[in-house]
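What follows is each chain in one-letter form.
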Amino acid sequence: MGAVDTEFAEAKGRSMPSKEQFVRVLLVDDDEDMYILTRQLLRQAPGTSYEIDWVPTAQEALDELGQQYDIVLLDYVLHEATGLEVLREIVRKRPHLPVIILTAHGNREIDVEALNAGAADYIAKSELNPNLLDRSIRYALERSLKLRELEQLADRLQVANARLSHKNEELEQFIYMASHDFREPLRQIMSFSEFLRRDIGHTLSGRAEQSLNFMVGAAKRMDDLVEALAKLLRASRKEITRVRVSLDQCVDRALEELTERVRTSNATIIRDPMPHARCEPTSMAHLFQNLIDNALKYCDKPHPEIHLTAEKGGQKWILGVKDNGCGIAQEHYNKIFSPFRRLHRRDQCEGTGIGLAICKKVVEAHGGEIWVESEVGKGSHFKFTLGATGFTTNTTDDLEETP
C-alpha cells in the first residue's frame, strides 16, 4: 500500500466505525478484470455491505457524479485522461466525495501528487486485499465526514465572529458616547468647584477646603480614567496605515508634548540615532510619549536620566526607553501591561494604569512585541520591536515593505 506505513494503517483500523454500514462505490477503471476483482474483494470485506458500480472511462465517471455514490475508486492511468485530471474535476464538482487512487505499483511521487490534488488515499493494486480495501474506504468516509463537520464549524465560527464584530462596534460606539456624556458633568463639577472656591474660599473652614479638594481630585481622576478608556479602545480597534518615516521624527513629536514635564523634572535625555520604518507615525509618537512619561513619573531620583535606545537585533531593530527610576520586580513584568494594573498607590504616583496597556496595543498592531528588563532600585528598560521587517537595515535607508 503506497505510502501508508504500518503505524498509519493501524491508526486507520482504530478509527473505523464498528457498526454495519451500506456503502455505494463507483469504480473508474478501463480494465474489466479489475472491476471483477474489486467486487470480489468488497464482498469479502468484514462488517460493511458494499454495492459497486463500474465505468471504464473518465467521461462516464463524470457523468455518474450526479448519482448518490459514497466513494470513488479511481485508476491512476486511463486511456483518454489521467486519473489526476479526473480527480481534480471530481473535487471541483463534488468536493465532499472521497476519492481513492488505485496505482499499478506504489510510487512516492504519484502518491504525494494524488494527495495534494485532493485524494483521500491511494492503494497499490498489487497489494489489494479485502481488509486493506475495506479499511481504506472506511477511513476515507470517516475523514470526509470530519472535514464536513469542520467546514460546518468554520461556518458557525464565521457567523459568530461577524456577530462579535458587530457587538464590538456597538460597544465602541457606546463607550465613545458614554465618554462624552460622562466627562461633561465631571467637567461641570470641577468648574463649579473652582467657582465655589473663588466665591466663598475665604470663608471655608480647613475641613471644608479639604473636602472640596477631594471632590475636585475625584472628578479629575474620573475624567482622566474615562479619557484613558477611550484611548485604550481606540488603540485596540485602530486599523493602522503604515507609511515610511524616520522614527527620530516620532521621538521629536513625543518630546515636544513633554517639554514642560521634562524641564520641571530636571531630566537628562540621551538619544541613539533612530532607524527609518514603515509605521503609523501618530501611534509611534504616542508610544514614545507614554514610555518617556512613565520614565519621568516613576523616577525617585532628583535628576531623572532617560536613554532612548536603538540597537540591531538579528534582522530587526530593538528600540527602547531606559531610565534610572525605582525599577520593577520580576514578578510584575507581565502584569504591568494589563489595564488598571498599578504597582504604586494613587497617592504615591498619578496615572490611570492604562498607559502601558496602550503601548502594548500599539506595538502588537504593528506586528511587534514589547517587554521590560528591570532591577529594583536601578531602573527599567522598556524594549519593543515592530515585527521582523518593521525597520530598515540602518539609520538612513528607506524601507521597502509590502503593506
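Everything below is about the structure printed above this text.
All of the points below concern the structure found in this document. (Residues numbered from 1 in each chain as written. Predicted model: local features only at pLDDT ≥ 70, side-chain atom pairs only at ≥ 80, totals over all residues. Heavy atoms only, no water.)

## Some thoughts on the packing of helix 4 (residues 83-93) against helix 5 (residues 108-117)
Quick note on the threshold: Axes here mean lines fitted to C-alpha atoms, for a helix over just the part in contact, with angles spanning 0 to 180 degrees between N-to-C directions. Where helices and strands are cited, they refer to DSSP runs of H or I of at least four residues and of E of at least two residues respectively, numbered from the N terminus. Just so you know how the angles are binned, under 35 degrees is roughly parallel, over 145 roughly antiparallel, 65 to 115 roughly perpendicular, and the rest oblique. If you view the pair so one helix is near and one far, a crossing is left-handed when the near helix is turned anticlockwise from the far one by less than a right angle, and right-handed when it is turned clockwise. Whether two residues are in contact is decided by their heavy atoms, any of which lying within 4.5 Å being enough. Residues were grouped as follows: Ala, Val, Leu, Ile, Met, Phe, Trp, Tyr, Cys and Pro as nonpolar; Asp, Glu, Lys and Arg as charged; and all remaining residues, including Gly, as polar.
Look at helix 4 against helix 5: their axes get within 9 Å of each other, and the N-to-C directions meet at 20 degrees. What the angle tells us is that helix 4 and helix 5 run roughly parallel. As helix 4 runs across helix 5, the sense of the crossing is right-handed. Residues L84, L87, R88 and V91 of helix 4 touch helix 5, and the partners they reach there are E113, A114 and A117. For the contact of helix 4 with helix 5, the residue count by class is five nonpolar, no polar and two charged.

## As for helix 4
Under the convention used in this document: Three labels apply to residues, based on accessible area from a 1.4 Å probe with only protein chains included: buried if under 20% of the type maximum, exposed if over 50%, partly exposed otherwise in between. Arc definition: directions from the helix axis to the C-beta atoms.
Those residues of helix 4 not exposed but buried are G83, L84, V86, L87 and I90. Here the buried residues of helix 4 occupy an arc of 155 degrees about the axis, which is enough to place them on one side. Here the buried face of helix 4 lies against helix 3 (58-63), strand 3 (71-75), strand 4 (99-103) and helix 5.

## Points about the pairing of strand 12 (residues 379-384)
What counts is decided by this rule: By definition, two strands form a pair when at least two bridges between them are found by DSSP.
A large share of strand 12 lies buried, amounting to six of its six residues. Where burial is concerned, the two faces of strand 12 agree: the one with G379, H381 and K383 and the one with S380, F382 and F384 are both buried. Here strand 11 (residues 370-375) pairs with strand 12 via six bridges, running antiparallel. Among the inter-strand pairings, V372 is bridged to a residue of strand 12, identified as F382. Between the antiparallel neighbours strand 11 and strand 12 lie three residues, among them G377 with a positive phi of about 90 degrees.

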